[in-house]
Amino acid sequence: MRDVTGRLMLLDTASLYFRAYFGVPESVKAPDGTPVNAVRGLLEFIDRLVKDHRPTDLVACMDADWRPRWRVDLIPSYKAHRVAEEHEAGPDEEEVPDTLSPQVPVIEEVLDALGIARVGVAGYEADDVIGTFTALAKTPVDIVTGDRDLYQLVDDERGVRVLYPLKGVGTLQLTDEAVLREKYGVTGRGYADLALLRGDPSDGLPGVPGIGEKTAAKLLAHFGDLAGIMAAVDDPAAGLTPSQRTRLDGARAYVAVAPKVVRVASDVPLPDVDTALPKAPRDAAALEALAARWGLGGSLQRLLTTLRG
């Protein structure tokens, strides 16, 4: 990774192309009738993000493994409801709409031809790639994602914020520690503990039964962090109600393994990539062929104009 001197923008790419797919009509098609709504929608998202936030560096972070075995071994229910087909030798296959799956390779080819850095690492989710780039960054970082899990990386002191799409990417919630305190009563550092206690059905995380978001926030405010809460379970003088003590005591096995599942990795072996926002396409001929084949039209041209600055 080059030494970034401005602002690094990290895209949770799958999160954004899913939003593009559901936000742009399937009537947006290539000349042969193949839907390209996710492709064009993502290009328009990137155009808007670069225009509005002017990053100097941009990385499209990918899910090389959307359900890593090391997370499933700890919590077998992790994303289990989203598995379309299990594979012994490699990543399980995720349930994806039939007309979205064929668009993902096109998205990858277009990003590569543009020269936008695209990083996925075997055995890790995009969240982990984002976590590692963020940990290594020496400049401000904007993380663009529709996944609240990444709120755990918000850090005002280091200039790390999450741009969370509320409607398309034209309306983004600029999530800093003040927003997290107002909405959840925690900072970025405390968000992973909050999510772990509360649980997340969309990721197959059970949480601690009977401990909802508000109770989790109150416990974290009182005891500081997850370790402090679990220490209070063993301290009869600590300010836990009998039911809270019983519930937390019964969830010890889950609480012991969940932090490794919920917290994003910060030590992914990243490849050496040039993260600089390209001014011109890396492969203009390939990009021209892709534009013609898939009918990328104005979506691509607007992004090229924006990249030229």
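It should be emphasised that the depicted structure is a prediction, and the values quoted were computed from it without experimental measurement. The numbering scheme is per chain: residues are counted from 1 as the chain's sequence reads. It should be noted that, the model being predicted, local features are given only for residues of pLDDT at least 70 and side-chain atom pairs only at 80 or more, the latter also being counted only at that level, while totals for whole chains, interfaces and linings use all residues. Hydrogens are left out, water is left out, and the side-chain values use all remaining heavy atoms of the structure.

Visitor: Requested: an account of the sheet that holds strand β1 (residues 8–12), with residues and values cited.
Guide: Two strands qualify as a pair provided that DSSP identifies no fewer than 2 bridges between them. Strands here mean DSSP runs of E at least two residues long; helices mean DSSP runs of H or I at least four residues long; both are numbered from the N terminus. Here we have 6 strands laid out as an open sheet, ordered β5-β2-β1-β6-β7-β8, and mixed in their pairing. A single partner strand is all that each edge strand has here, and the edge strands are β5 (117–119) and β8 (171–175). Within the sheet, the average angular offset between the axes of one strand and its neighbour, ignoring direction, is 25°. Any two residues having at least one pair of non-hydrogen atoms within 4.5 Å are treated as being in contact. Working convention: axes come from line fits to C-alpha atoms, limited for helices to the stretch in contact. Angles between N-to-C directions cover 0 to 180 degrees. Across the face of the sheet, helix α1 (residues 13–23) comes into contact with β1, β2 (57–61), β6 (141–144) and β7 (160–167) while running at roughly 60° to β1.

Visitor: Could you give an account of the packing of helix α9 (residues 226–233) against helix α10 (residues 242–250), naming the residues involved and the relevant values?
Guide: To characterise two packed helices, one gives the angle between the axes of the helices and the distance between these axes. At their nearest, the axes of α9 and α10 sit 9 Å apart, and the two run at 110° to each other. With respect to each other, α9 and α10 are oriented roughly perpendicular. Handedness of the α9/α10 crossing: left-handed. Between α9, through I229, M230, A232 and V233, and α10, the contact on the second element is made entirely by R245, L248 and D249. Ten residues, namely Ala, Val, Leu, Ile, Met, Phe, Trp, Tyr, Cys and Pro, are considered nonpolar, four, namely Asp, Glu, Lys and Arg, are considered charged, and the remaining ones, Gly among them, are considered polar. When its residues are assigned to classes, the contact of α9 with α10 shows 5 nonpolar, no polar and 2 charged. Reported orientations rely on four angle classes, namely roughly parallel under 35 degrees, roughly antiparallel over 145, roughly perpendicular from 65 to 115, and oblique for the rest. Two helices that cross are described as forming a left-handed crossing if the nearer one is turned anticlockwise from the farther one by less than a right angle, and a right-handed crossing if clockwise.

Visitor: Go over the pairing of β2 with me, naming the residues and quoting the values.
Guide: For β2, the buried fraction is high: 5 of the 5 residues fall into the buried class. Both β1 and β2 contribute to a ladder of 5 bridges, which runs parallel. By the bridge assignment for β2, M9 is matched with L58. Bridge analysis of β2 against β5 gives 3 bridges, and the strand direction is parallel. Residue pairing across strands places V59 opposite A117, the latter belonging to β5. Burial classes: relative accessible area under 20% of the type maximum marks a residue as buried, over 50% as exposed, and values in between as partly exposed (1.4 Å probe, protein chains only).

Visitor: Describe the environment of A292, naming the residues involved and giving the relevant values.
Guide: Its location among the elements puts A292 in helix α12 (residues 284–294). A292 sits 180 residues away from D112 along the chain, and the two C-alpha atoms are 16 Å apart.

Visitor: Residues and numbers for helix α8 (residues 213–223), please.
Guide: Among the residues of α8, those classed as buried are A216, A217, L219, L220 and F223. One face of α8 carries all of its buried residues, which in axial projection span an arc of 165°. Among the exposed residues of α8, those pointing more than 90 degrees away from its buried face are K214, K218, A221 and H222. Those residues of α8 that are buried are in contact with α6 (177–184), α7 (188–198), α9 and α10. G224 sits one or two positions beyond α8 and adopts a positive phi of about 95°. This arc is built from the directions going out from the helix axis to the C-beta atoms.

Visitor: How would you summarise unusual backbone geometry if you had to cite specific residues and measurements?
Guide: The phi angle at R54 is positive, at roughly 50°, despite the residue not being glycine. Relative to the helices and strands, R54 is located in the loop between α2 (37–53) and β2. Positive phi, close to 55°, is recorded for K79, a residue that is not glycine. Looking at the secondary structure, you find K79 in the loop between α3 (69–74) and β3 (83–85).

Visitor: So what's going on with the packing of aromatic side chains? Residues and values would help.
Guide: Stacked, tilted and edge-to-face are the three classes applied to pairs of Phe, Tyr and Trp rings, where Trp contributes its six-membered ring and a pair requires centres within 6.5 Å; stacked means planes under 30 degrees apart, edge-to-face means over 60, and tilted covers the rest. All chains considered together, the criterion is met by 7 aromatic pairs. Look at Y151 and Y184: their rings are 6.1 Å apart centre to centre, the planes differ by 50°, and that puts the pair in the tilted class. Taken as a pair, Y151 in the loop between β6 and β7 and Y184 in helix α6 lie far apart in primary sequence, 33 residues in all. Consider the rings of Y151 and Y191, whose centres lie 5.4 Å apart with planes at 75°: the pair is edge-to-face.

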